[in-house]
Amino acid sequence: MSKKNNGLTGLERYLLEEIGVEFKACIYFFCYLFFYSVYKLVGGSTDASIIHMAELIFLTYGMCYLQIYLMNGFDEGEEFRLKELLLSMVCGLIYTTASWFFGWFDKNVPATIGFFLFVVFAYFCGFLVYKIRRTLESKALNNDLKAFKERGHINE
């Protein structure tokens, strides 16, 4: 396997991407399952459809691949501007269309609109989580570099 400029082999890059998809899919699936569960509870039911959950997880994985490979991981970007908002809305429309088609919210219009808004909000929250993570990782790396310099291993 050849190594690219970042020092990773093709397999390592693939595994890094797959771990990213797994993490993202789990987080978003949990958010959407939470919305679905609250909808069911508010409607007086403590039962959730396994079929609906399977549809939701498959769609979530598909959307994560779409986001990473076709939408450049917009929720992991440095800024959340108009482009990211529009891509969040496109993804929200895909989820909402699926929710209507599969009857996740019993074709209840207010619940479906609420789900769309929740999906867009979840993408914004995802952006914030990734931004905070980058900031904390940068801080930790800078502290490590400072400690390394203080041990006298790097002369400026």
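These numbers were taken from a predicted model, which means no experiment stands behind them.

(A) Representation of helix α4 (residues 109–150) in the model. In this model α4 runs 61 Å from its N-terminal to its C-terminal C-alpha over 42 residues, within 8% of the 62 Å that 1.5 Å per residue would give. Here α4 has its buried residues at Ala-111, Thr-112, Phe-115, Phe-116, Val-119, Val-120, Ala-122, Tyr-123, Gly-126, Phe-127 and Tyr-130. Those residues of α4 hidden inside the fold are in contact with α1 (10–42), α2 (50–70) and α3 (82–102). Between the side-chain oxygen at the start of α4 and the backbone nitrogen of Ala-111 there is a gap of 2.9 Å, and the oxygen is on Asn-108. Count one or two residues on from α4 and you reach Gly-152, which has phi positive near 85°.

(B) Local environment of empty space enclosed by the protein. Tallied over the full model, the rule gives one cavity of 30 Å³ or more. In this model, the largest cavity occupies a volume close to 40 Å³. Leu-33, Tyr-36, His-52, Met-53, Leu-56, Trp-104 and Phe-105 together form the lining of the largest cavity. The set of elements that each furnish at least two residues to the lining of the largest cavity consists of α1 and α2. Taken together, the residues of the lining of the largest cavity sort by class into six nonpolar, one polar and no charged.

(C) Inspection of the packing of α1 against α4 at higher detail. Running from N to C, α1 and α4 point in directions that differ by 145°, and their axes come no closer than 11 Å. When you trace α1 past α4, the crossing you get is right-handed. For the pair α1 and α4, contact is made by Phe-23, Lys-24, Tyr-28, Cys-31, Tyr-32, Phe-34, Phe-35 and Tyr-39 and by Ala-111, Gly-114, Phe-115, Phe-118, Val-119, Ala-122, Tyr-123, Gly-126 and Tyr-130, respectively. Among the residues making up the contact of α1 with α4, the classes are represented as 14 nonpolar, two polar and one charged.

Here is what the cut-offs are and how they apply
- Residues numbered from 1 in each chain as written.
- Predicted model: local features only at pLDDT ≥ 70, side-chain atom pairs only at ≥ 80, totals over all residues.
- Heavy atoms only, no water.
- Helix = DSSP H or I, 4+ residues; strand = E, 2+ residues; numbered from the N terminus.
- Expected span 1.5 Å × (residues − 1).
- Buried < 20%, exposed > 50% of the residue type's maximum accessible area, 1.4 Å probe, protein only.
- Contact = heavy atoms within 4.5 Å.
- Polar contact = N/O pair within 3.5 Å; in protein donor to acceptor, adjacent residues only side chain to side chain.
- 1 Å grid on protein atoms, 1.4 Å probe; cavity = no way out; pocket = protein on both sides within 12 Å on 5 of 7 lines; lining within 4 Å.
- Points joined across faces, edges and corners; volume = space filled by probe spheres on them.
- Nonpolar A, V, L, I, M, F, W, Y, C, P; charged D, E, K, R; others polar.
- Axes fitted to C-alpha atoms, helices over the stretch in contact; angles between N-to-C directions.
- Left-handed = near helix turned anticlockwise from the far one by under 90°.

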